Amino acid sequence: MRSSTIIGGASNQYKRNAADFYSTPRECTIALLDTYQRLFEGSRVWEPACGSGAISEVLKERRLAVVSTDLHDQGYGDTGLNFLTADCNCGSIITNPPFNLAANFIEHAASFNVPFAMLIKSTYWHAAKRYDLFQRTKPMAVIAMSWRPAMSPERGKSGTMDFIWTVWDRKPSKNTQYIVAKKPKQDIQK
């Protein structure tokens, strides 16, 4: 099997998903909220790459006020809004950004001085070109998932790639905490 098939890229068998859209499995958002829900309570949470609403629906189940937008119409939220040129009128941001735009999403979210979390590949920070971004924005935590989420179920039921949540508070942190999250049960609602 080619590596591009494993990680969700284009291959002879599968094309790369349009607009880099890969729906976030529920357990990923639950793991974030089990660790840091209080950081996002008390204000509206903006999900600016809402896709089909996977993250937004879990946020709503957890009784968080959510604003869901996306540049592309994936059947959920307000569409046609480009996060990278928009102003933030919410108190926090939680999203799974398109991978090829993740650095831009991080830079833009950091400019608002609100708590935010981005779901990214676990190796995202393992690139020399992202070292300065990490140092400049200095996240408060990296939450590593102890399982592999199935981001492309059409390619098989088993996940083949590791993901992390990177979480920032209003200002860069002095130290970044590394947390390993256990896979939560799907039906847990708080």
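Each chain carries its own residue numbering, running from 1 in the written order of its sequence. Totals for whole chains, interfaces and linings use every residue, but because this is a predicted model, local features are given only for residues with pLDDT of at least 70 and side-chain atom pairs only at 80 or more, for both listing and counting. Side-chain measures were taken over the full set of non-hydrogen atoms in the model, leaving aside hydrogen atoms and water.

For every residue, the predictor assigns a confidence score, pLDDT, that lies between 0 and 100. Of the residues in the chain, 82% have a pLDDT of 70 or more, and the chain-wide mean is 87. Taken together, the stretch residues 1-8 has pLDDT below 50 and engages in 14 contacts with residues farther than four places along the chain or on a different chain. Only heavy atoms matter for contacts: two residues are in contact if any of them lie within 4.5 Å across the pair.

Here we take up the pairing of strand E2 (residues 66-70). Only protein chains enter the accessibility calculation, which uses a 1.4 Å probe; a residue whose area is less than 20% of its type maximum is buried, one above 50% is exposed, and one in between is partly exposed. The helix count covers DSSP runs of H or I at least four residues long, the strand count covers runs of E at least two residues long, and both are numbered beginning at the N terminus. Here E2 lies mainly inside the structure; five of its five residues are buried. The alternating pattern of E2 places Val66, Ser68 and Asp70 on one face and Val67 and Thr69 on the opposite face, and all of these are buried. By definition, two strands form a pair when at least two bridges between them are found by DSSP. As defined by bridge partners, strand E1 (residues 45-47) adjoins E2 across three bridges and the pair is classed as parallel. Looking at E2, one finds that Glu47 is bridged to Ser68. With its strands directed away from the observer, a crossover is right-handed exactly when the path from the first strand over the helix to the second travels clockwise. Once the chain exits E1 it traverses helix H3 (residues 54-61) before rejoining the sheet at E2, and the crossover so formed is right-handed.

With that settled, the discussion passes to the packing of aromatic side chains. The geometry of an aromatic ring pair comes down to the distance between the two centres and the angle between the two planes. Planes of paired rings set the category: under 30 degrees apart is stacked, over 60 is edge-to-face and the rest tilted, where pairs are Phe, Tyr or Trp rings (Trp by its six-membered ring) whose centres lie within 6.5 Å. Scanning the model with the defined rule gives eight aromatic pairs in all. Measuring from centroid to centroid gives 5.0 Å for Trp46 and Phe83, while their planes differ by 65 degrees, and the two rings are edge-to-face. One end of the pair, Trp46, is in strand E1; the other, Phe83, is in the loop between strand E3 (78-79) and strand E4 (92-95), and 37 residues separate them in sequence. Across the pair, exposure class does not vary: Trp46 and Phe83 are buried alike. One aromatic cluster is present, formed by Phe99, Phe116, Tyr124, Trp125, Phe134 and Trp168 through successive ring pairs. For a Lys NZ or an Arg CZ to count as sitting over a ring, it must be within 6 Å of the ring centre and within 35 degrees of the ring normal. In this structure, Lys121 packs its charged tip against the face of Phe99, placed 3.8 Å from the ring centre. Over the aromatic face of Tyr124 sits the side chain of Arg130, whose NZ or CZ is 4.0 Å from the ring centroid.

Our next topic: the environment of Val45. Within the secondary structure layout, Val45 lies in strand E1. Residue Val45 is classed as buried on the basis of its relative accessible area of 0%. Taking C-alpha positions, Val45 is 6.1 Å from Val67, a pair spaced 22 residues apart along the chain.

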